[in-house]
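These are the residues of each chain, in order.
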Amino acid sequence: MRVLVIGSGGREHALVWKLSQSRRVRDIYALPGNGGISDLAQIVDIDSKDLNGIVEFVKRESIDLTIVGPEAPLTEGIVDLFKENGLRIFGPSKDAARLESSKVFAKEFMQEEKIPTADFKIFSDYNQAKKYLREQQFPKIIKADGLCGGKGVFVVESLTEAENALDRIMNQKIFDAAGDTVIIEECLFGEEVSIIAISDGENIVPLASSQDHKRIYEGDRGPNTGGMGAYSPAPAAEGEVFDKVINKVLKPTILGMKKRAAPFKGVLYAGIMVVNDKPYVLEFNVRFGDPETQAILPRMETDIVDLLEASIDGNLSGFNIEWKDKSSLSIVLASGGYPGSYEKNKEISGLKEAAAIDDILVFHAGTVKKEDSIGVRYFTAGGRVLNVTALGDNIREAKERAYRAAGLISFENIYYRRDISDRALKGEV
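The following paragraphs examine the structure supplied in this document. (Residues numbered from 1 in each chain as written. Predicted model: local features only at pLDDT ≥ 70, side-chain atom pairs only at ≥ 80, totals over all residues. Heavy atoms only, no water.)

**Section: the environment of V156**
Take V156: it is sitting in strand β8 (residues 153–156). Take V156: its relative accessible area is 2%, and that puts it in the buried class. Spatially, the C-alpha atoms of V156 and I141 are 6.1 Å apart, while their sequence positions differ by 15 residues. (Helix = DSSP H or I, 4+ residues; strand = E, 2+ residues; numbered from the N terminus. Buried < 20%, exposed > 50% of the residue type's maximum accessible area, 1.4 Å probe, protein only.)

**As for the side chain of R287**
Relative to the elements of secondary structure, R287 occurs in the loop between β17 (278–285) and α10 (292–296). The exposure class assigned to R287 is buried, which follows from its relative accessible area of 11%. Looking at R287, its side chain comes within polar contact range of the side chain of E71, at 3.4 Å. Here E100 takes part through its side chain, which lies 2.7 Å from a polar atom of the side chain of R287. Apart from the residues lying within four places of it in its own chain, the contact partners of R287 are R11, G69, P70, E71, L74, E100, V267 and Y269. (Polar contact = N/O pair within 3.5 Å; in protein donor to acceptor, adjacent residues only side chain to side chain. Contact = heavy atoms within 4.5 Å.)

**Some remarks on helix α13 (residues 395–406)**
Taking 1.5 Å of rise per residue, 12 residues should cover 16 Å, and α13 covers 16 Å from first to last C-alpha, within 8% of that figure. Looking at α13, one finds that the buried residues are I395, A398, K399, R401, A402, Y403, A405 and A406. Each element contacted by the buried residues of α13 is listed here: β15 (229–232), β18 (327–335), α12 (351–355), β20 (360–364), β23 (384–392) and α14 (422–425). Where α13 begins, the side chain of N394 points an oxygen toward the backbone nitrogen of R396, at a separation of 3.2 Å. (Expected span 1.5 Å × (residues − 1).)

**Concerning the sheet that holds strand β1 (residues 2–7)**
In spatial order, the strands read β3-β2-β1-β4-β5; together these 5 strands make up an open sheet with parallel pairing. A strand with exactly one partner marks an edge of an open sheet, and here the two such strands are β3 (42–43) and β5 (89–90). Note: strand β4 (residues 65–68) against β5, 2 bridges, orientation parallel. Paired with T66 across the two strands is I89, which belongs to β5. Strands in contact with helix α2 (residues 51–60) are β1, β2 (27–32) and β4; relative to β1, the strand with the most contacts, it is inclined by about 165 degrees. (Pairing = 2+ DSSP bridges. Axes fitted to C-alpha atoms, helices over the stretch in contact; angles between N-to-C directions.)

**Focus: the nonpolar core**
With 78 residues, the main nonpolar core has I54, I78 and L250 as its most contacted residues. When residues of this core are assigned to their parent elements, the largest contribution, 8 residues, is made by helix α9 (residues 240–259). Residues L15, A41, I196 and L307 belong to the second largest nonpolar core, which totals 36 residues. (Core = buried A, V, L, I, M, F, W, Y, C linked by side-chain atoms within 4.5 Å.)

**Some points on the sheet that holds strand β22 (residues 375–380)**
Pairing is antiparallel across the open sheet formed by 3 strands, whose spatial order is β19-β22-β21. Because the sheet does not close on itself, it has two edges, and the strands there are β19 (347–348) and β21 (367–372). One ladder, built from 2 bridges, connects β19 with β22; its direction is antiparallel. Among the inter-strand pairings, I348 is bridged to a residue of β22, identified as Y378.

**A few points about the pairing of strand β16 (residues 265–275)**
Counting buried positions over the 11 residues of β16 gives 9, a clear majority of the element. Two strands pair when backbone bridges link them, and strand β10 (residues 191–200) and β16 are joined in this way by 10 bridges, in the antiparallel orientation. The residue bridging V193 from the neighbouring strand is I272, located in β16. Taken together, the 7 bridges between β16 and β17 define a ladder with antiparallel strand orientation. If you follow V275 over to β17, its bridge partner there is K278.

Don't take any of this as a statement about function, it's just geometry.
Dropping the structure here:
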């Protein structure tokens, strides 16, 4: 079959890599792709925002299956458009994607369905929000309602920080219309984990648990990013906690969306805070997590095409995923300055040496490939540049292997956290 992957990050490279292992896939296309993806797939020069252009390409090239990586095309209704044209695509409808595109919708949905989440207030008026903040104790969480590329959540420790965040979101419009409405919510303290499941609108099949590291600096300090690393499985999300997330979060969500005539097909990602073994939903995403996908897929034995097609066709009942008896860990190598301003076009070295280590995979995120008289070379083209993923018999072994490989890669102003998975290893002798 011929498959198209939409997106350009490390998540999409991991999806393309997994598809390349499928017995069912003959040709893989990617748009817009990146330097590493171009080694496995044919790059298509169409903007991922050009939904009609994508439809025309899929028809022209007789693409059998399209997989959407990022949230933007989903929230713009690409799945609805494909279905109108009789094309097969994996993902939720525009209505179902509101679980991610509007944090207000998601919070009110959880409140109505009695899904555990932090207490919250919603404000569309700046002065009313400011007045409310002056009556609160801190820390608090302030969230812009709409999509902000993973940067629309502020953990504020004081009134000064809170007022600054509120001003930036609602007055300075740093997220444009996505910040017209904000949510101010209780700050929960515990272990943050990611539980991702595939749904066919009625049934769910959970993927392996994982834990992301969203802050830029070690010790979970500094501003939020799109994610600086992940590992799987996550001890804090196993056992009873995992079962509670399935039964008290994911299943009620699927039932609730069906009840609203917006059946959810695709990836349902629950960002969870575990407080005293009780899970609370921090956020929903409607696509594969990044960088969680880069840690999870290398552990998956099952052909991913079988899984995605079962979701599309409503055949997930009884579907089982086989997993390697291995742990994995993925480190994000970023450009210095990220998530703020950073420079691009820095040559990357050491990729072959890192990939030569057993059980190492290097997924490209913000890269571009150039071919000239010197040969094939890769250069930085984004804030998050690479994901170095390792498998091991346990998290400690995977961590040692991943950091050994990461140490072989270099580019100007490279930055990465050195403490990915430390929370999983605490308490080990």
